[in-house]
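What follows is the residue order along each chain.
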Amino acid sequence: MKMLTILHAEMVKSHRHNFHNKLIYFSLLLWPALLFVTAYYSFKPFNLTDSSPLSAYMNVDQITMFLLTGYLGYIFFWSLVQSAWNMSYERQAGTLELIFLTPANRLMIMFARAAGNLLEAVWLFTAFILLVLVVTGKAADIYWTHVPLALLLLSVSAIVWGGFLNIVFLFSRDAGILFTIFEEPMQFFSGVRIPVLAFPIWGKAIAYLFPLTYVLEIFRDLVLNGKNFTQMIGQYSLLLTIILLLCISSVFLLKKAETHAKETGNMVLY
Amino acid sequence: MIEAKGISKCYTIKKRMNFFRSEKQIVCAVKKLDLSINEGEIVGLLGLNGAGKTTTIKMLSTLLNPTEGQITVDGDDAVKDAMKVKKKINMIAGGERMLYWRLTGEENLRYFGKLYQLSGLQLEKRIAYLLDQVGLSDSKDVPVELYSKGMKQRLQIARGLINDPKYLFLDEPTLGLDAPVAKQLRGLVKDLASQENKGILLTSHYLEEVEELCDRVYIIEKGTIILHDTPEKIIASVVKNYHLMIETSSLSVALQNKIKKELVNCTIQFTDLTDSTSIHIDAPFDPTSFFINICMNEAISILKLELKRPRLEDAILTLAKEKSA
């Protein structure tokens with residue numbers, strides 16, 4: 001009950017604070033849709049037949065679906081980088097200190113903040129993808145029975161990722177650099193536009209630093225390839241490990257951040 | 001009761017020596033400070049800028065850990081039992097920060113109320129009561145960014161009371177407010193202590209405000225308490241300068257000399273006017289009763305009497321001068 005109260009409070013606050021202007025809903029659709037269209041047409045001039053170099057790593061007939069799923073995952077994760085970046089507003093407004101003045105569960109606040117922002121940030125683009133599927137006639141290529149599980153895994157992973165980032169931004173007022181690190185590199189290396197298998201070793205090493213990489217592989221295998229549970233045990237285990245690692249790191253970093261703030265008073269510095 | 005025993009707060013700061021080198025320095029904002037706040041009492045914390053007032057408030061409100069010493073709130077340790085303590089306290093700072101400007105006044109209160117685990121009817125009743133108390137019921141649905149400075153400050157007060165705290169820390173609550181709004185807030189603070197039995201710690205640069213509201217005052221200088229007493233006693237112990245201006249019917253020279261002789265250690269100036277005498281006295285005590293007795297005994301009419309008592313501000317200025325000398 002307490003958890004739900006905090007979750008609800010954070011969701012309402014985020015909605016009122018970040019989505020106060022109706023124009024923002026256009027940007028929620030327009031920006032990711034443009035990203036997708038840009039990526040799609042940048043592939044167009046190239047050879048996308050079976051003789052294409054890409055065909056060694058993916059089914060080139062599925063390029064539309066590959067990009068759509070890639071950008072869906074990316075929007076889930078990227079929206080939470082943006083949300084974490086907004087922590088600097090809380091710092092400047094002094095509300096961050098007020099949150100820590102309350103006896104509310106801090107970990108719950110951090111994850112609730114991510115969950116609250118996620119839903120608002122992704123629903124429009126998700127609806128857009130459904131529309132594209134219908135219009136392009138690709139809906140038949142989807143394993144619809146796997147979609148709920150795939151979306152659940154994507155959402156949970158994104159929320160854990162978002163909560164972790166919120167805590168990192170809490171820890172340091174100079175964490176804005178993460179915004180730069182996670183924008184283009186995450187989009188490029190996580191397999192949003194190009195399959196991770198196509199990268200050289202060093203590229204693969206970078207790719208697997210991003211949790212989005214693991215989630216996208218599972219998402220595509222579930223939704224596009226229709227793989228069943230037993231075929232994906234290894235992938236699930238890996239994702240679970242990543243999620244656990246993020247959760248443990250979150251708990252550790254949060255404690256460290258609050259202790260550090262109580263020692264240095266840095267929560268009001270911006 | 002809130003009790004702070006021997007609390008200090010030291011920070012490690014980096015002093016930049018040149019582009020490549022910086023040196024670590026330990027700076028203590030608060031040193032071995034003892035302080036107590038009882039329920040229903042308003043306690044003032046005064047000092048010049050950088051004296052350590054805000055650091056003290058942040059330690060008492062669990063936002064900072066003291067480097068040494070102990071703070072207890074009704075027996076609970078503010079460091080070890082911080083979560084328990086947080087339920088009993090709240091803090092209000094002056095200025096326009098610490099609110100979500102895009103949210104309405106009511107939404108701000110609802111958000112913070114939920115963080116204090118209030119919900120449902122209990123929360124809605126509390127919000128309505130507080131909005132009414134601070135006179136914002138009619139503006140509850142207006143975004144805070146459209147509020148005036150005074151309205152934002154009143155909302156801050158409501159936000160600070162959302163969890164019905166036993167103890168409240170007010171850090172410059174009337175900063176930048178115009179006189180009527182400041183007066184209204186002072187009335188509210190007084191009521192919180194007298195009617196709701198809340199223990200309040202107040203810092204303010206408006207010393208008349210502190211003199212009017214506080215039962216006891218701590219004066220701190222460079223992190224150390226240099227004086228602690230009631231405002232009246234502080235004034236009496238630090239400033240001994242009463243100025244009396246009295247205009248009477250004409251006084252004879254003999255009587256003027258008698259007065260001068262009796263009032264030792266005082267500066268007296270007589271000015272004979274057409275039908276009256278004007279007297280200015282600077283005394284280390286209140287000379288009013290002395291003059292009233294003389295006038296009654298000698299059947300002299302008092303035409304005008306004005307006494308300027310020393311204020312807390314005079315006491316602080318005197319202390320500051322003594323410290324800098």
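Along every chain, residues carry numbers that run from 1 in the direction the sequence is written. Ligands are numbered from 1 and chains lettered from A, in the order in which they are written. Note on the predicted model: pLDDT of at least 70 is required for a residue's local features to be given, and 80 or more for side-chain atom pairs to be given and counted; whole-chain, interface and lining totals, by contrast, use all residues. Side-chain calculation: all heavy atoms of the structure are included, whereas hydrogens and water are not.

S.K.: Pulling in residues and values, what's your account of the overall build of chain A?
M.R.: The secondary structure content of chain A amounts to 11 helices and zero strands. Each helix is a run of DSSP H or I of at least 4 residues and each strand a run of E of at least 2, with the numbering of both proceeding from the N terminus. Moving toward the C terminus, one meets the helices and strands of chain A in the order α-α-α-α-α-α-α-α-α-α-α. Here the radius of gyration uses the C-alpha set of atoms, whereas the globule reference equals 2.2 Å times the residue count to the power 0.38. Taking 2.2 N^0.38 as the reference for a compact globule, 270 residues should give roughly 18 Å; the C-alpha atoms of chain A span a radius of gyration of 19 Å, in line with that estimate. Dimensions of chain A, computed from C-alpha atoms along their principal axes, come out at roughly 60 × 40 × 35 Å. Split into buried and exposed, the 270 residues of chain A put 53% on the buried side. Every residue pair with non-hydrogen atoms within 4.5 Å of one another is taken to be in contact. Partitioning the intrachain contacts of chain A with sequence separation of at least 6 by distance along the chain shows that 78% fall at a separation of at least 24. Only the protein chains shown count as cover for residues, with accessible areas throughout obtained via the Shrake-Rupley method and a probe of 1.4 Å. A total accessible area of about 12,500 Å² is found for chain A, and carbon and sulfur atoms account for 71% of it. Positive and negative side-chain charges of chain A, numbering 17 and 14 respectively, have mean locations separated by a distance of 5 Å. Each residue gets one of three labels from its accessible area relative to the maximum for its type: buried under 20%, exposed over 50%, partly exposed in between, using a 1.4 Å probe on protein chains only. The sign given to each residue is positive for Lys and Arg and negative for Asp and Glu; His and the chain ends receive no count. Every charge is mapped onto a representative atom, which is NZ of Lys, CZ of Arg, CG of Asp or CD of Glu.

S.K.: So what about the pairing of strand 2 (residues 22–37) of chain B? Which residues, and what values?
M.R.: Residue and element names in this part refer to chain B. For two strands to be treated as a pair, DSSP must find at least two bridges joining them. As paired elements, strand 1 (residues 2–16) and strand 2 share 12 bridges and run antiparallel to each other. Across the sheet, threonine 12 pairs through a bridge with isoleucine 26, a residue of strand 2. Between strand 1 and strand 2, which pair antiparallel and follow one another directly, the connecting turn spans five residues.

S.K.: If you had to explain the interface of chain B and chain A to someone new, which residues and values would you point to?
M.R.: Across the contact, 32 residues belong to chain B and 34 residues belong to chain A. Buried surface area refers to the total accessible area, computed with a probe of radius 1.4 Å, that the two partners give up upon joining, counted for both partners together. Taken together, both faces of the contact between chain B and chain A bury some 3,000 Å²; the carbon and sulfur share is 62%. When the buried area of chain B at its contact with chain A is split by residue, Tyr100, Arg102 and Leu115 of chain B rank highest and sum to 20% of it. Throughout this description, the term salt bridge denotes a Lys or Arg side-chain nitrogen within 4 Å of a carboxyl oxygen of Asp or Glu. For lysine 58 of chain B, the salt bridge identified is with glutamate 97 of chain A, shortest N-O distance 2.9 Å. Each polar contact in these results corresponds to two N or O atoms within 3.5 Å; when the atoms are within protein, one needs to be able to donate a hydrogen and the other to accept it, and residues that are neighboring in sequence are counted only if both atoms are side-chain atoms. Run the count over chain B and chain A and you get 14 residue pairs in polar contact (both at pLDDT 80 or more).

S.K.: Hey, could you go over the UniProt feature "domain: ABC transporter" (unreviewed entry) in chain B for me, with residue numbers and the actual values?
M.R.: Per the UniProt entry, the sites bearing "domain: ABC transporter" (unreviewed entry) are residues 14–247 of chain B in this numbering. Within residues 14–247 of chain B, the helical portion is 35% and the strand portion 28%, while the C-alpha atoms at the span's ends are 62 Å from each other. UniProt positions are given in the numbering used here, feature names are shortened, and annotations may be inferred rather than shown by experiment.

S.K.: Tell me what's going on with the UniProt feature "transmembrane region" (unreviewed entry) in chain A, and back it up with residues and numbers.
M.R.: Those residues carrying the UniProt feature "transmembrane region" (unreviewed entry) are residues 23–43, 63–81, 118–137, 149–171, 192–216 and 236–254 of chain A in this numbering. Span residues 63–81 of chain A is 100% helix and 0% strand, its end C-alpha atoms 26 Å apart.

S.K.: Describe the sheet that holds strand 3 (residues 42–46) of chain B, listing the residues and the values that go with them.
M.R.: Residue and element names in this part refer to chain B. Reading across the sheet, the six strands line up as 6-7-8-3-9-10 and stay open at both edges, with mixed pairing between neighbours. Bordering the open sheet on either side are strand 6 (89–93) and strand 10 (224–229), each of which pairs with just one other strand. The sheet shows a mean angle of 20° between the axes of neighbouring strands, direction not considered. Where strand 3 lies against strand 8 (residues 199–203), three bridges are found, and the strand directions are parallel. The residue bridging glycine 44 from the neighbouring strand is leucine 202, located in strand 8. Interaxial angle, 0 to 180 degrees, is taken between N-to-C directions of lines fitted to C-alpha atoms, where a helix line uses only the stretch in contact. Helix-sheet contacts for helix 8 (residues 231–238) involve strand 9 (216–221) and strand 10, and the interaxial angle to strand 10 is about 110°.

S.K.: Residues and numbers for the packing of aromatic side chains, please.
M.R.: Working definition: a ring pair exists when centres of Phe, Tyr or Trp rings (six-membered ring for Trp) sit within 6.5 Å. Plane angles under 30 degrees give stacked, over 60 give edge-to-face, the rest tilted. Inspection of the entire model under this criterion finds 14 aromatic pairs over all chains. The interplanar angle of 25° and the centroid separation of 5.6 Å between the aromatic rings of phenylalanine 125 of chain A and phenylalanine 128 of chain A together place this pair among those described as stacked. With a gap of three residues between them, phenylalanine 125 of chain A and phenylalanine 128 of chain A both fall in helix 6 (residues 106–136), about one helical turn apart. Take phenylalanine 128 of chain A: its relative accessible area is 18%, and that puts it in the buried class. Plain terms: the ring middles of tyrosine 100 of chain B and phenylalanine 112 of chain B are 6.0 Å apart, the flat faces sit at 25° to each other, and that makes the pair stacked.

S.K.: Requested: an account of the state of the cysteines, with residues and values cited.
M.R.: All names here are of chain B. Count a disulfide wherever a pair of cysteine sulfur atoms falls within 2.5 Å. Enumeration over the complete set of coordinates arrives at one disulfide over all chains. Each sulfur of the disulfide joining cysteine 10 and cysteine 28 lies 2.0 Å from the other. One quick way to see it: the torsion about the S-S bond of cysteine 10 and cysteine 28 is about 95°, and its sign makes the bridge right-handed. Of this pair, cysteine 10 sits in strand 1 while cysteine 28 sits in strand 2, and the two are 18 residues apart along the sequence. The class for cysteine 10 is partly exposed, based on a relative accessible area of 22%.

S.K.: Lay out the environment of tyrosine 206 of chain B with the relevant residues and their values.
M.R.: Residues and elements named next belong to chain B. Here tyrosine 206 lies in the loop between strand 8 and helix 7 (207–213). Put simply, tyrosine 206 and leucine 312 are 106 residues apart on the chain and 10.0 Å apart in space, counted from C-alpha to C-alpha. If we ignore the near neighbours within four places in the chain, the residues touching tyrosine 206 are Thr174, Leu175 and Gly176.

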